[in-house]
Amino acid sequence: MKDDLELIKKLQNQDTQALSRVYDLYSGAIYGVILRMCKDEGLAQDLLQETFMKIWQKSNTYDPEKGKFFTWSYRIARNITLNSLRKKDALLIQTEDLSVYKERSTSEAGKDITQLEGSLKRLEPHHQKALELVYFNGLTHREAHEEMDVPLGTFKSYIKQALKKLRESYKEELGIVWIIIEMMR
Amino acid sequence: MMDRNTIKDTGVLEQYLLGELSEKDSREVAQILKEDSELQAYFRKMEDDMEQMAFENAISPPTHIKSNLLNSIKNSDTVSEEGVIPIQQKKKISYRFAIAASLAALFLCTSGWLYNQWKNTEATIVTLQKETTNLQDRLVTVEDNLKETDKWYRAINNPKVVQLVLKGNEKSPTSSAVAYVNHQNKEVILNPQGLSKLDNSKTYQMWADVDGEMIDMGVIAQDQEMITMKYIENAASLNITIEPAGGNDHPTVEQLISNVYL
């Protein structure tokens, strides 16, 4: 998806209608990320609102030269979610109620709604897992390679290969779409 | 120091995309991307892929989140602008209030003026009505007067009428009265205005001398200009005496103040 720079400009000028439009465009994708990270619908909803609040407040710091608007928004969502989870974890450890503490990467809660879809599903399991961990679970490469129990270098190449496969599958899809469009003409 | 290949091979770019790098490393990668268009194109593709993956795995959030978000933004806007806006609002209000007040004042003034005008007109009408009534009354009086005067004038200004002046004797030297006698119509009219004033216990009375006998012609009411007296046939003279108030059956000859022969 190409960024609508005019819309983003309006957002940066604190146009609430632009925010509404941006929300309609990106909230689903971002909510998907947040919910898979925290696996708690109530919390995810709060964090989604917090994320868009921050997008609204910090929109003037977004520089289209440096990257896509979604990448920028994703980083905000990820940071907010990770911070919130860290606080939650710290609180749980403080109260020593370790029984309710679960590794967020291994939690099974809300598995059905957080089931991954699309091209990612067609990747090989270890590629899928690697991407899921870093992208949807918000783990760092370092955390993720430990989680997958593979060396960091291997993990990095998993990510690289996964992205490459992903690109190829998108190209295929694009090709099919192109063929369908051509056939319809 | 990172170069293009290290960045590509070590997965730094992925970490950069995910926001995993430290601030310092992020700045460095951003700088390298800025200077290397090929690497930038590679990064853009990666961004596209990641974005597409996120969109494929999008989950629709409940609708109330959006309204919450927009509401909280609206609220925070009003809070942050509270310091500035109220003054403008006050200005706006006072400006509007000024217009309203001016209009109200203008309306009040106009109403007052109109009320005043109305009251003045009413007063004028009342005055005019009074004047008209007054004039009507006066006209009636004048007409009555005219009729009266006309009557006396016709009675007096008649060739058949004999005009007699009754001059006061030594008893009342300043007195005089004028009698108009019309033998044809058998009328006697008297103008008593020249008679001296009497006190309230006394009155003038007129008598006709017929063969040495004094016959009453009536009491003279002094407040009138002209009085019709009784006409007595074959009178030799007209006489005026002073009598007790209300008149007398017989003349008090000692009190005779004037007489005239016909």
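Residues numbered from 1 in each chain as written. Chains lettered and ligands numbered in written order. Predicted model: local features only at pLDDT ≥ 70, side-chain atom pairs only at ≥ 80, totals over all residues.

A. Broad picture of the overall build of chain A. On a plain count of helices and strands, chain A comes out with eight helices and zero strands. For chain A, the residues scored as buried account for 35% of the 185 residues in total. Long-range pairs, those at least 24 residues apart, make up 60% of the contacts in chain A between residues at least 6 apart in sequence. (Helix = DSSP H or I, 4+ residues; strand = E, 2+ residues; numbered from the N terminus. Buried ≥ 20, exposed ≤ 12 C-beta atoms within 10 Å, placed from the backbone. Contact = placed C-beta atoms within 7 Å.)

B. Local environment of the overall build of chain B. Per the secondary structure count, chain B includes six helices and eight strands. Beginning at the N terminus, the succession of helices and strands in chain B can be written as α-α-α-α-α-α-β-β-β-β-β-β-β-β. Each of the 262 residues in chain B was classed as buried or not, and the buried ones make up 21%. Summarising the internal contacts of chain B: among those between residues at least 6 apart in sequence, 53% fall at separations of at least 24.

C. View of the nonpolar core. Within the largest apolar cluster, 57 residues are counted, with the highest numbers of intra-cluster contacts made by Ile30(A), Val33(A), Ile34(A), Ala130(A), Val134(A), Ile159(A) and Ala162(A). At the level of secondary structure, the elements contributing two or more residues to this core comprise α2 (16-38), α3 (41-58), α4 (69-94), α6 (125-136) and α8 (152-184) of chain A together with α2 (12-18), α3 (23-35) and α4 (37-56) of chain B. Contact partners of Val33(A), with chain neighbours within four places excluded, come to Tyr74(A), Ala77(A), Arg78(A), Phe136(A) and Ala54(B). Residues Val161(B), Leu166(B), Ala179(B) and Ala235(B) belong to the second largest nonpolar core, which totals 22 residues. (Core = buried A, V, L, I, M, F, W, Y, C linked by C-beta atoms within 7 Å.)

D. Expanded view of the interface of chain A and chain B. Counting residues at the interface gives 45 residues for chain A, matched by 33 residues for chain B. Elements supplying a minimum of two residues to the side of chain A that touches chain B: α2, α3, α4, α6 and α8 of chain A. Residues belonging to the side of chain A that touches chain B are distributed by class as follows: 23 nonpolar, 14 polar and eight charged. (Nonpolar A, V, L, I, M, F, W, Y, C, P; charged D, E, K, R; others polar.)

E. Region of interest: the confidence of the model for chain A. Mean pLDDT over chain A stands at 82; residues scoring 70 or higher make up 85%. In the model, residues 96-111 of chain A has pLDDT below 50 throughout and makes 18 contacts with residues more than four positions away in sequence or in other chains. (pLDDT = per-residue confidence, 0-100.)

F. How the structure looks around unusual backbone geometry. A positive phi is found at Asp149(A), a non-glycine position, where the angle reads about 60°. Within the fold, Asp149(A) resides in the loop between α7 (141-148) and α8. Positive phi, close to 60°, is recorded for Asn234(B), a residue that is not glycine. Structurally, the position occupied by Asn234(B) is in the loop between β6 (227-229) and β7 (237-244). Given 10 C-beta atoms within 10 Å, Asn234(B) falls into the exposed group.

G. How the structure looks around the packing of helix α1 (residues 5-12) of chain A against α2(A). Residue and element names in this part refer to chain A. Remark: α1 packs on α2, axes separated minimally by 7 Å, with the N-to-C direction vectors making an angle of 130°. In this view, α1 runs oblique relative to α2, as classed from their interaxial angle. Of the two elements, α1 crosses α2, and the hand of that crossing is left-handed. Between α1 and α2, the contacting residues are Leu7, Lys10 and Leu11 on the first element and Ala18, Leu19, Arg21 and Val22 on the second. Residue classes in the contact of α1 with α2 are distributed as five nonpolar, no polar and two charged. (Axes fitted to C-alpha atoms, helices over the stretch in contact; angles between N-to-C directions. Parallel < 35°, antiparallel > 145°, perpendicular 65-115°, else oblique. Left-handed = near helix turned anticlockwise from the far one by under 90°.)

H. Quick look at the sheet that holds β6(B). Residue and element names in this part refer to chain B. With antiparallel pairing, four strands are arranged side by side in an open sheet as β1-β2-β3-β6. Each having just a single partner strand, β1 (161-167) and β6 make up the two edges of the open sheet. In this sheet, adjacent strand axes meet at a mean angle of 25° when their direction is disregarded. (Pairing = 2+ DSSP bridges.)

I. Here's a closer look at the confidence of the model for chain B. Residues and elements named next belong to chain B. Per-residue confidence for chain B averages 86 on the pLDDT scale, and 93% of its residues sit at or above 70. Between residues 81-87, whose pLDDT stays under 50, and residues either more than four places distant or in other chains, the model counts zero contacts. With a pTM of 0.53, the predicted complex shows an ipTM of 0.77.

J. Summary view of α4(B). Relative to the 28 Å expected for 20 residues at 1.5 Å per residue, α4(B) spans 28 Å between its end C-alpha atoms, a close match to the ideal helical length. Regarding α4(B), the residues found buried are Phe43(B), Met46(B), Glu47(B), Asp49(B), Met50(B), Glu51(B), Gln52(B), Met53(B) and Ala54(B). (Expected span 1.5 Å × (residues − 1).)

K. Here's a closer look at the sheet that holds strand β8 (residues 256-261) of chain B. Residues and elements named next belong to chain B. Overall, antiparallel pairing links the four strands, which are arranged β5-β4-β7-β8 in an open sheet. The sheet terminates laterally at β5 (213-220) and β8, the two strands that pair on one side only. Here the strands of the sheet are splayed against their neighbours by 25° on average, with no regard to which way each runs.

L. A look at the pairing of strand β3 (residues 187-191) of chain B. Residues and elements named next belong to chain B. Taken across its five residues, β3 has four buried, putting it largely inside the fold. In the sheet, strand β2 (residues 176-182) pairs with β3 via five bridges, with the strands oriented antiparallel. Among the inter-strand pairings, alanine 179 is bridged to a residue of β3, identified as leucine 190. What sits between the antiparallel neighbours β2 and β3 is a turn of four residues, in which lysine 186 has the positive phi angle 55°. Across three bridges, β3 lies against β6 in antiparallel orientation. Within the sheet, the bridge partner assigned to leucine 190 lies in β6 and is isoleucine 227.

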